[in-house]
Amino acid sequence: SQTIHQWPATLVQPVGSPLSLECTVEGTSNPNLYWYRQAAGRGLQLLFYSVGIGQISSEVPQNLSASRPQDRQFILSSKKLLLSDSGFYLCAWSPWQGSSYEQYFGPGTRLTVT
Amino acid sequence: QKEVEQNSGPLSVPEGAIASLNCTYSDRGSQSFFWYRQYSGKSPELIMFIYSNGDKEDGRFTAQLNKASQYVSLLIRDSQPSDSATYLCAVKGYSSASKIIFGSGTRLSIRP
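In what follows, the accompanying structure is described.

Definitions and cut-offs
Positions within a chain are numbered from 1, following the residues in the order the chain's sequence is written. Each chain is given a letter, starting from A, and each ligand a number, starting from 1, according to the order in which they appear as written. In keeping with the model being predicted, local features are shown solely for residues with a pLDDT of at least 70 and side-chain atom pairs are shown and tallied solely at 80 or more, while totals for entire chains, interfaces and linings include all residues. Think of the side-chain values as coming from all heavy atoms in the structure, minus any hydrogens and water. Think of a 1 Å grid over just the protein atoms. A cavity is a set of points where a 1.4 Å probe fits yet cannot get out, a pocket is an open set with protein on both sides within 12 Å along at least five of seven lines, and lining residues have an atom within 4 Å of a point. Grid points are joined across faces, edges and corners, and a volume is the space filled by probe spheres set on the points. A run of H or I in DSSP becomes a helix once it reaches four residues, and a run of E becomes a strand once it reaches two; helices and strands are each numbered from the N terminus. Charged residues are taken to be Asp, Glu, Lys and Arg, nonpolar residues to be Ala, Val, Leu, Ile, Met, Phe, Trp, Tyr, Cys and Pro, and polar residues to be all remaining types, Gly included. Note on aromatic pairs: the rings of Phe, Tyr and Trp (six-membered ring only in Trp) are paired at centre separations within 6.5 Å, and the planes decide the class, stacked below 30 degrees, edge-to-face beyond 60, tilted for the rest. Exposure classes here rest on a 1.4 Å probe applied to the protein chains alone. A residue is buried below 20% of its type maximum, exposed above 50%, and partly exposed in between. A contact between two residues is defined here by any heavy atoms of the two lying within 4.5 Å. When two parts are put together, the accessible area they lose, computed with a 1.4 Å probe and summed over both, is reported as buried area. Only one rule defines a salt bridge in this text: a Lys or Arg side-chain nitrogen within 4 Å of an Asp or Glu carboxyl oxygen. Polar contact is the term for a pair of N or O atoms within 3.5 Å; when the atoms are in protein, one must be able to donate a hydrogen and the other to accept it, and sequence-neighboring residues count only if both atoms are side-chain atoms. Here the rule is simple: two strands pair whenever DSSP picks up at least two bridges between them. Note on disulfides: each one is a pair of cysteine sulfur atoms within 2.5 Å.

## Observations concerning the layout of surface pockets
Reported here for the largest pocket is a volume of approximately 980 Å³. Elements that contribute at least two residues to the lining of the largest pocket include exactly strand 4 (32-38), strand 5 (44-52), strand 9 (87-94) and strand 11 (109-113) of chain A together with strand 9 (85-92), strand 10 (101-102) and strand 11 (106-111) of chain B. Looking at the lining of the largest pocket residue by residue, the classes come out as 15 nonpolar, 18 polar and nine charged.

So, in structure tokens, the structure goes:
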């Protein structure tokens, strides 16, 4: 069965500090990978998605970036955090093949920028 | 017009009753439709998905799709307090590549 991991689970960072969040998927090959952010009491905002190694699509221009160095690894980064970067960061995967497009979410990272 | 619209709620339903959650979408060529449940402070969990017009049942959950009306719903029978959560509707549009579009969710509260 497939498993998706995210770490850290919680993070408190000062404004202007860098960020690195990691997501890995087990039990599947060549998944589509996604990064979402959910602000408190709000809906899901798609930040980046990737259909393969080194292939990143950005949905929202901001101070965040994403990389996919390995097939089942997706990293979200920032050089300088803003207060508005606080939120619940969710990684998700979906099968590459077939007609299904359902996404499965990891446990998330709760980021507080102070 | 939002691509996927849901009433934010809260929707309050007595325990044991049927909870009905609704969602409309704007892309007439949409192909796949998903319902997720999100407990407070947790990540979304896929409940079920539907591709074809009509009903799809899974235990106490029934998804209903009407592509002509661009409408998808989720019925929860015999509602339990543990069903209290935010329910997210998501849609795979015709031209949305590998993405699915999420609604902002409906908060459901089951009162004992």
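The rest of the description comes next.
## Regarding the packing of aromatic side chains
Residue and element names in this part refer to chain A. This structure, assessed with the given rule, holds 12 aromatic pairs over all chains. Considering the side-chain rings of Tyr-34 and Tyr-49, the 6.1 Å spacing of their centres and the 25° angle between planes classify their relative orientation as stacked. Taken together, the positions of Tyr-34 in strand 4 and Tyr-49 in strand 5 put the pair 15 residues apart, joining distant regions of the chain. Residue Tyr-34 is classed as buried on the basis of its relative accessible area of 0%. With relative accessibility at 11%, the residue Tyr-49 sits in the buried group.

## Let's talk about the interface of chain B and chain A
Taken together, the contacts link 20 residues of chain B with 22 residues of chain A. Overall, the association of chain B and chain A removes approximately 1,500 Å² of surface from exposure, summing both partners, and the carbon and sulfur fraction of that is 60%. Of all residues in chain B, Ser-98, Lys-99 and Phe-102 of chain B give up the largest surface area on contact with chain A, accounting jointly for 31% of the area buried on that side. If you look at where chain B meets chain A, you find one salt bridge. The partner of Lys-99 of chain B in a salt bridge is Glu-59 of chain A, and the shortest N-O contact between them spans 3.2 Å. Our enumeration of links across chain B and chain A arrives at five residue pairs in polar contact (both at pLDDT 80 or more). Of all the elements, strand 4 (residues 32-38) of chain B adds the most residues to the side of chain B that touches chain A, at four residues. Tallied by class, the residues present in the side of chain B that touches chain A amount to 10 nonpolar, seven polar and three charged.

## With respect to the sheet that holds strand 1 (residues 4-5) of chain B
All names here are of chain B. Read from one edge of the open sheet, five strands run 1-3-8-7-6, paired in antiparallel fashion. Looking at which strands have only one partner, the edges of the open sheet turn out to be strand 1 and strand 6 (54-58). Strand direction decides the pairing type here: strand 1 and strand 3 (residues 19-25), joined by two bridges, are antiparallel. What sits directly across from Glu-5, in strand 3, is Thr-24.

## Comments concerning the side chain of Gln-6 of chain B
Residues and elements named next belong to chain B. Structurally, Gln-6 can be placed in the loop between strand 1 and strand 2 (11-14). One polar contact links the side chain of Gln-6 to the main-chain amide nitrogen of Cys-89, over a distance of 2.9 Å. Not counting chain neighbours up to four residues away, the residues in contact with Gln-6 comprise Asn-22, Cys-23, Trp-35, Tyr-87, Leu-88, Cys-89, Gly-103, Ser-104, Gly-105 and Thr-106.

## A few points about the state of the cysteines
Residues and elements named next belong to chain A. Overall, the coordinates contain two disulfides over all chains when judged by the stated rule. Cys-23 shares a disulfide with Cys-91; S-S distance 2.0 Å. Between Cys-23 and Cys-91, the disulfide has an S-S torsion of -75° and is therefore left-handed. Highlighted residues: Cys-23 in strand 3 (residues 19-26) and Cys-91 in strand 9, separated in sequence by 68 residues.

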